[in-house]
Amino acid sequence: EALDFVTDEALQIHGGYGFTEEYPIERLARDSRINRIFEGTNEINRLLIPGTLFKRAAKGELPLMKFVEKTKKRLAKGEALGARPTGAPLEHERRAADVAKRAIAFVAEIAFRTYGLGIQDRQEILGALADMIIAAYGLDSAVARTLQAIERSGREHAAIFESMTRIYAHDAHEMVLDTSRLLAAQMLEGEELETAFSTIARLPERIPLRYFAEVDAVAARMIDRGGYVPVA
């Protein structure tokens, strides 16, 4: 899906030339489309992600309930989630990754409690949970890889990776929390829903970011390098 997005943006930049065989975008646009069908469609693969989570939780292989209860207790006591502020690189983003996992576990537990293994027939809920998990996985991976790049090459060299991670973290964090509220409203009502909304509201919700400045910094670096800057 990321490849499709990038290819479509590249075609848009080329304008009408993107449709002609004289330019490589035309073939990329055709070839990239099959990736969402090969080895199972993206929709089917999405259902497998939370489905696996619920099966492992039901077998006791995944301590989902224990993790959720621990999160609820910490929030009830007013304790902060995630890493404490230290001034270290990407500390807000690391905290966002932790919060995303807790938000996912919170609504997944509601789904499991509401539907049991019958959740496998609730494809809209499974799809939304899958999108949350994908976003959290991407965020966690981006933070880890950027911190590795900083340790290996120094913060100045890894500045573009920091900017890219901050941009993604902002979007992923907002998406996870918004979807958690959407799912809670789908599965609960009345006092239970108000309690769920109150719990989600106590999760840290904003990552301080000069969003467009970060986007401009990434674009300037790529233009200077003449293309995408790979992790070195």
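Our structure's up above, just so we're on the same page.
Okay, so let's go over this structure.

Cut-off values and rules
Residues numbered from 1 in each chain as written. Predicted model: local features only at pLDDT ≥ 70, side-chain atom pairs only at ≥ 80, totals over all residues. Heavy atoms only, no water. Helix = DSSP H or I, 4+ residues; strand = E, 2+ residues; numbered from the N terminus. Contact = heavy atoms within 4.5 Å. Areas by Shrake-Rupley, 256 points an atom, 1.4 Å probe, with all protein chains shown as cover. Lys, Arg positive; Asp, Glu negative; His and termini not counted. Charge placed at Lys NZ, Arg CZ, Asp CG, Glu CD. Phe/Tyr/Trp six-rings, centres within 6.5 Å; stacked < 30°, edge-to-face > 60°. Buried < 20%, exposed > 50% of the residue type's maximum accessible area, 1.4 Å probe, protein only. Core = buried A, V, L, I, M, F, W, Y, C linked by side-chain atoms within 4.5 Å. Salt bridge = Lys/Arg side-chain N within 4 Å of Asp/Glu carboxyl O.

The helix and strand inventory of the protein stands at nine helices and zero strands. Start at the N end of the protein and walk to the C end: the helices and strands fall as α-α-α-α-α-α-α-α-α. With the C-alpha coordinates aligned to their principal axes, the bounding extent of the protein is approximately 60 × 45 × 30 Å. For the protein, the share of sequence-separated contacts (at least 6 apart) that also reach a separation of at least 24 residues comes to 71%. Taken as a whole, the protein presents about 14,000 Å² of accessible surface, with 55% of it coming from carbon and sulfur. Each charge sign in the protein was given a centre, from 31 positive and 35 negative side chains, and these centres are 8 Å apart.

Take the packing of aromatic side chains next. Counting across every chain of the model gives three aromatic pairs. With a centroid separation of 5.2 Å and 45° between ring planes, the pair formed by Tyr17 and Tyr23 is classed as tilted. Tyr17 sits in the exposed class, given a relative accessible area of 52%. For the ring pair Tyr211 and Phe212, a centre distance of 5.7 Å and an interplane angle of 85° mean the geometry is edge-to-face. Since its relative accessible area comes to 24%, Tyr211 is described here as partly exposed.

The next point concerns the nonpolar core. One finds Phe54, Leu129 and Leu183 to be the most contacted residues of the largest nonpolar core, which totals 43 residues. When residues of this core are traced back to their parent elements, those giving at least two are helix H3 (42–58), helix H4 (64–76), helix H5 (91–115), helix H6 (123–153), helix H7 (159–187) and helix H8 (190–201). Residue contributions to this core peak at 13 residues, all from H5. Each residue touching Phe54, except ones within four places of it in the same chain, is listed here: Ala108, Ala111, Phe112, Ile119, Leu126 and Leu129. By size, the runner-up hydrophobic cluster in this structure holds eight residues, among which are Ala149, Ala158, Ile167 and Val218.

Another aspect to go through is the pattern of salt bridges. In this structure the tally under the stated criterion is 13 salt bridges. A salt bridge links Glu1 to Arg46, with the shortest nitrogen-to-oxygen separation between them at 2.8 Å. Of the two residues, Glu1 sits in the segment before helix H1 (2–14) while Arg46 sits in helix H3, which places them 45 residues apart along the sequence. Take Arg46: its relative accessible area is 18%, and that puts it in the buried class. The salt bridge involving Glu109 is made with Arg113; its shortest N-O contact spans 3.1 Å. Placement of the pair is Glu109 and Arg113 together in helix H5, with a separation of four residues, close to one helical turn. Note on Glu109: relative accessible area 8%, which makes it buried. By relative accessible area, Arg113 is classed as partly exposed at 44%.

Geometric values such as these leave the question of function open.
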